[in-house]
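Chain by chain, the residues run as shown.
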Amino acid sequence: MVISTIILSDSEEKVLTNYLEQQEEFKLLAQTDDSDKIYDALNELSKALLFVNLDYMEEDFHFISSLTDRYKDLRIIAFTKTPSVDLMIKTLRAGASALLSLPFLRSEFDAAIEKVKNELLHNKKEKSKCRIITVFSNKGGIGKTSIASNLALELAKITKEDVALVDLNFQLGDVTTFWDLKPTFDLTYMVNNLDKLNKDFLLNTLERYKNTSLHILADPPYFKGADNISSSQILGLFEALKSAFSYVVIDTSAGFDDKTMTAVKNSDLTLLVTVANLPALRNSQRCLELFASQVKNKDNIQVVVNRYMENDEITSEDIEKLLGQSIFEKVPNNYFTMMSAINKGMPVSDINKDSNVAKAYKQLALRVSDFVYRLK
Ligand SMILES: Nc1ncnc2c1ncn2[C@@H]1O[C@H](COP(=O)(O)OP(=O)(O)O)[C@@H](O)[C@H]1O
Ligand SMILES: [Mg+2]
């Protein structure tokens, strides 16, 4: 089985052609500067690889995403003279497999080709490094579960990678209520049987939300739950999840119990949720102080303001001044949409994707994936 390869560029790509000739699994069919021709060619092909000169295509990410959406067995490798983290994020998000910098580096080329071969010939999709995101607040009723749930779903939709939403709120089963789920599988069992967990088991057993790549881990509501889950069990759970998922979003109970603090300390990003009133903000201020002494990098604690209102007495600037850091994202107040989401047990984007809250959760997910992408 060979992978038909096309190069889309306005200049002669000698190095690329030369590298490709050394790959027996790839057959270079054509080089063209006419992007319209690509569609015709792809209609005829099964497994295909397209190299795109991103500078010539003027960073047309829509072109990339429309192709990768339409042709499941197509992989795209883009290249550019002006690589940057920003460009990389946008290119990968559009669905490309890699972004190479010019002049071509053999090692970069080989790594990208290997990835394409694994996916198209061996059906092995490489998972990106797992990132753990904890949603925290030291008060209840502030919007943690709403944020964790909607964020997890939007991350799954944007990245199309496997995302796990984990409810560390063992006793109350918040997440199950939110999603109107009756999980057949319980999280308490999992932390007590860590040795049995592996990637296949996790990906196949966990409840999926519709046909998305979001998997939900929570205890059934009637489940009594475990009172004494240790920090080392939480760490074990994280390790197992890391092997299977690209993102793990953790919903926590309010307060600083051991489980929660273990999650915060071992997360790549913690979202501290607050609202624009003085008592909540003072609480958040204390949280930030406490976290600063507990976590390795305090930049990994970011503030999300929930139920935000434009004309609030307390402005964004006031909040930023009080907390001594900028606001990561704001989620507007929208009682009606949030209420109907809860009542129907559905995420906000399924209730009304054009609502201000749905847009804010999507924006939050974009920021989160950008943020963790930039982490070392
Ligand atoms: N942006 C928002 N606008 C209006 N109501 C909200 C918003 N976010 C959350 N709520 C409501 O606040 C209540 C508590 O939210 P929840 O996510 O369960 O908080 P927590 O998990 O922190 O206890 C819920 O009734 C929810 O519908
Ligand atoms: Mg909650």
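Placed above this text is the structure.
What counts and how
Residues numbered from 1 in each chain as written. Chains lettered and ligands numbered in written order. Predicted model: local features only at pLDDT ≥ 70, side-chain atom pairs only at ≥ 80, totals over all residues. Heavy atoms only, no water. Helix = DSSP H or I, 4+ residues; strand = E, 2+ residues; numbered from the N terminus. Rg over C-alpha atoms; globule rule 2.2 N^0.38 Å. Buried < 20%, exposed > 50% of the residue type's maximum accessible area, 1.4 Å probe, protein only. Contact = heavy atoms within 4.5 Å. Pairing = 2+ DSSP bridges. Right-handed = clockwise from strand over helix to strand, strands pointing away. Donors = N, O, S within 2.8 Å, 3.2 Å for Na, K, Ca; no water. Near = heavy atom within 4 Å. Polar contact = N/O pair within 3.5 Å; in protein donor to acceptor, adjacent residues only side chain to side chain. Nonpolar A, V, L, I, M, F, W, Y, C, P; charged D, E, K, R; others polar.

**Student:** Can you walk me through the overall build of the protein chain in this structure?
**Tutor:** Helix and strand content of the protein chain: 16 helices and 13 strands. Computed over C-alpha atoms, the radius of gyration of the protein chain comes to 23 Å, within 12% of the 21 Å expected from 2.2 N^0.38 for 376 residues, which places it in the range of a compact globule. In terms of overall dimensions, the protein chain has a C-alpha envelope of 65 × 50 × 40 Å along the principal axes. Counting over 376 residues, the protein chain shows a buried share of 53%. Counting contacts in the protein chain only where the partners sit at least 6 residues apart, residues at least 24 apart contribute 75% of the total.

**Student:** I'm lost on the pairing of strand 3 (residues 48–53) in this one. Help?
**Tutor:** As a general feature of sheets, a regular strand has side chains that alternate between the two faces. When you tally the buried positions in strand 3, you get six out of six residues, the bulk of the element. Neither face of strand 3 is exposed, since A48, L50 and V52 on one face and L49, F51 and N53 on the opposite face are all buried. Pairing of strand 1 (residues 3–8) with strand 3, which is carried by five bridges, proceeds in the parallel orientation. Within strand 3, the residue paired with I6 across the bridge is L50. Of the crossover connections in this fold, the one passing from strand 3 over helix 3 (residues 61–70) to the parallel strand 4 (residues 74–80) is right-handed.

**Student:** Looking at this structure, I do not really get the coordination of the magnesium ion (ligand 2). What am I missing?
**Tutor:** When a metal carries six donors in an octahedron, the ideal angles between them are 90 or 180 degrees, while four donors in a tetrahedron ideally lie at 109.5 degrees. Donor atoms from the polypeptide that coordinate the magnesium ion (ligand 2) comprise T145 (OG1) and D174 (OD), at 1.9 to 2.1 Å from the metal. Placement of the pair is T145 in helix 6 (residues 144–159) and D174 in helix 7 (residues 174–179), with a sequence separation of 29 residues. By relative accessible area, T145 is classed as buried at 13%.

**Student:** Is there a simple way to explain the site of ligand 1 in this structure?
**Tutor:** Ligand 1 sits among 18 residues. The nearest are G141, K144, T145, S146 and P332. Separating an oxygen atom of ligand 1 from a backbone N or O atom of K144 is a distance of 2.9 Å. In the model, a nitrogen atom of ligand 1 is placed 3.3 Å from a nitrogen or oxygen of the R307 side chain. Put simply, the parts of the chain that give the shell around ligand 1 at least two residues each are helix 6, strand 12 (301–308), strand 13 (327–332) and helix 14 (335–344). A per-class count over the shell around ligand 1 returns seven nonpolar, eight polar and three charged.

**Student:** Where do I start with the environment of Y335 in this structure?
**Tutor:** Here Y335 lies in helix 14. Taking the C-alpha atoms as reference points, Y335 and R307, 28 residues apart in sequence, are found 8.6 Å from one another.

**Student:** Hey, could you run me through the pairing of strand 2 (residues 26–32) in this one?
**Tutor:** In this sheet, strand 2 lies alongside strand 1 in parallel orientation, the contact comprising six bridges. Bridge pairing in strand 2 links I7 to Q31. Between the parallel elements strand 1 and strand 2, the chain passes through helix 1 (residues 14–21) in a crossover that is right-handed.

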